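Structural description and commentary
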Amino acid sequence: MTGSADSGVLVSVPPGLRAQFFPDPSGLLALGRVRLLDDHAGLADALPGTGVLVTSWGVPPLTADLLDRAPGLRLVAHTGATVKPFVTDELWSRGVQVTQAGAGMARSVAEVALAFTLALLHQVHRFDHALRGGLPWQAAERAPARHEILGCPIGVIGASRTGRAYIDLVRALGADVRIADPYHEDAIPLDDLLATSRIVAVHAPSLPETRHLLGERELALMPDGAGLVNTARSWLVDERALLAELRSGRIDAAMDVYDEEPLPAGHPFRSLPNALLTPHQAAGTVECRRRQGDVVVSEIARFAAGLPLEHAVTPALLDRMG
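Read on for an overview of the structure. (Residues numbered from 1 in each chain as written. Predicted model: local features only at pLDDT ≥ 70, side-chain atom pairs only at ≥ 80, totals over all residues. Heavy atoms only, no water.)

Points about the overall build of the chain
Definition in use: In this description a helix means any DSSP run of H or I spanning at least four residues, a strand means any run of E spanning at least two, and both kinds are numbered starting from the N terminus. It is over C-alpha atoms that the radius of gyration is taken, and the globule rule equals 2.2 Å times the number of residues to the power 0.38. Throughout, exposure labels follow a simple rule: accessible area from a 1.4 Å probe, protein chains only, divided by the maximum for the residue type, with under 20% read as buried, over 50% as exposed, and the rest as partly exposed. In what follows, residue pairs with any heavy atoms lying within 4.5 Å of each other are defined as contacts. Computed with the Shrake-Rupley method and a 1.4 Å probe, the accessible areas treat only the protein chains shown as cover for residues. Counted as positive: Lys and Arg. Counted as negative: Asp and Glu, with His and the chain ends omitted from the count. All charge positions are set by atom: Lys at NZ, Arg at CZ, Asp at CG, Glu at CD.
Secondary structure summary: the chain contains 14 helices and 12 strands in total. Computed over C-alpha atoms, the radius of gyration of the chain comes to 22 Å, within 12% of the 20 Å expected from 2.2 N^0.38 for 322 residues, which places it in the range of a compact globule. The buried share among the 322 residues of the chain stands at 48%. The contacts of the chain with a sequence gap of at least 6 include a subset with a gap of at least 24, amounting to 64%. Accessible surface computed for the chain: about 14800 Å², of which carbon and sulfur atoms make up 54%. Positive and negative charge centroids in the chain, built from 29 and 37 side chains respectively, lie 3 Å apart.

Spelled out as structure tokens, the structure:
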């Protein structure tokens, strides 16, 4: 690898995930001397001789003690999106570059958010709960008013990569989109968005200032019969306040993320007829995993050729990332 005597590529990705990210390993193996690590627990012993480190979820923080074992490390390429759990100031001080594959996840998460949106509009979740719960047909077919997405007022909180992908999808189906994002030129105030949207989709990053961005006051602004879609982070929504609203039956919600994961078997969300739940799997498509692997391989190839990274993470960007 350019600029490093220690030129090996260490792939610290468990075998199951590795097979999803790199189903055709030829692209990865073409990068040079590649070593595969099946368990993050062995990272410290595997680091010597590493110039490029490929990481996945659960990798430990890259502290000075670990980095001392890889003096030639020049690039960390993450197969996921957020790198906050393991990136340290020590990386920057040693001149190590960081990149991530979040761009590969945007489409799949946006599609799940779209599926959630359509399900809430058409009350699919309530019908499913009723039929599976053994209600008589006449009782099961009763549901709140249903709506089409054509002309539907949809509010998007956060024009992130995934937020923009979701906006493209719902606009293509004719939705009337409004956006709340401090960095978007056409943004409207959050309160206005909440009060005027039939569906509110959350796509903001997890930052100190976005903690419980939607609390009791904000959720109360949503119109009766509105729906909340959260495929981002539970950090953004006060779960207690949301649970109270759902128990009242006033709004509906579709969620892929929770304060406690795995979601406990007895959690009240599980029994609510107006809640649609998935187990934090919005980015888990075959195509998404392959895109993530392709991004990592491409970024390593660009690094080796001395080209700028396309998905570089810098200290300034890290402050705004989820």
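Some details on the pairing of strand E10 (residues 252-255)
Counted only if it meets this: Should DSSP find at least two bridges between two strands, the strands are taken to pair. When the strands point away from the viewer and the connection leading from the first strand across the helix to the second strand turns clockwise, the crossover is called right-handed.
Burial along E10 is two-sided: Asp-252 and Ala-254 and Ala-253 and Met-255, pointing in opposite directions, are all buried. The pairing of strand E9 (residues 227-230) with E10 spans 4 bridges and is parallel. Paired with Asn-230 across the strands is Met-255, a residue of E10. Handedness of the crossover joining E9 and E10 through helix H12 (residues 239-248): right-handed.

A short note on the pattern of salt bridges
Counted only if it meets this: Salt-bridge detection follows one rule: a side-chain nitrogen of Lys or Arg within 4 Å of a carboxyl oxygen of Asp or Glu.
A full pass over the atoms with the stated rule returns 13 salt bridges. With a closest N to O distance of 2.9 Å, Arg-94 and Glu-90 form a salt bridge. Linking Arg-250 and Asp-224 is a salt bridge whose minimum nitrogen-to-oxygen distance equals 2.9 Å. Taken as a pair, Arg-250 in the loop between H12 and E10 and Asp-224 in the loop between helix H11 (216-221) and E9 lie far apart in primary sequence, 26 residues in all. Using a relative accessible area of 62% as the deciding quantity, one classes Asp-224 as exposed.

Some details on the nonpolar core
Short version of the rule: To define a nonpolar core, start from buried Ala, Val, Leu, Ile, Met, Phe, Trp, Tyr and Cys residues and group those joined through side-chain atoms within 4.5 Å.
Of all hydrophobic cores here, the largest spans 27 residues; its most connected members are Leu-228, Leu-242, Leu-246 and Phe-269. Elements supplying a minimum of two residues to this core: helix H10 (190-196), strand E8 (199-202), H12 and E10. Of all the elements, H12 adds the most residues to this core, at 4 residues. In contact with Leu-242, not counting residues within four places along its chain, are Leu-219, Leu-228, Val-237, Ile-251, Ala-253, Met-255 and Phe-269. Listed in part, the 24 residues of the second largest apolar core include Leu-121, Ile-154, Val-229 and Ala-254.

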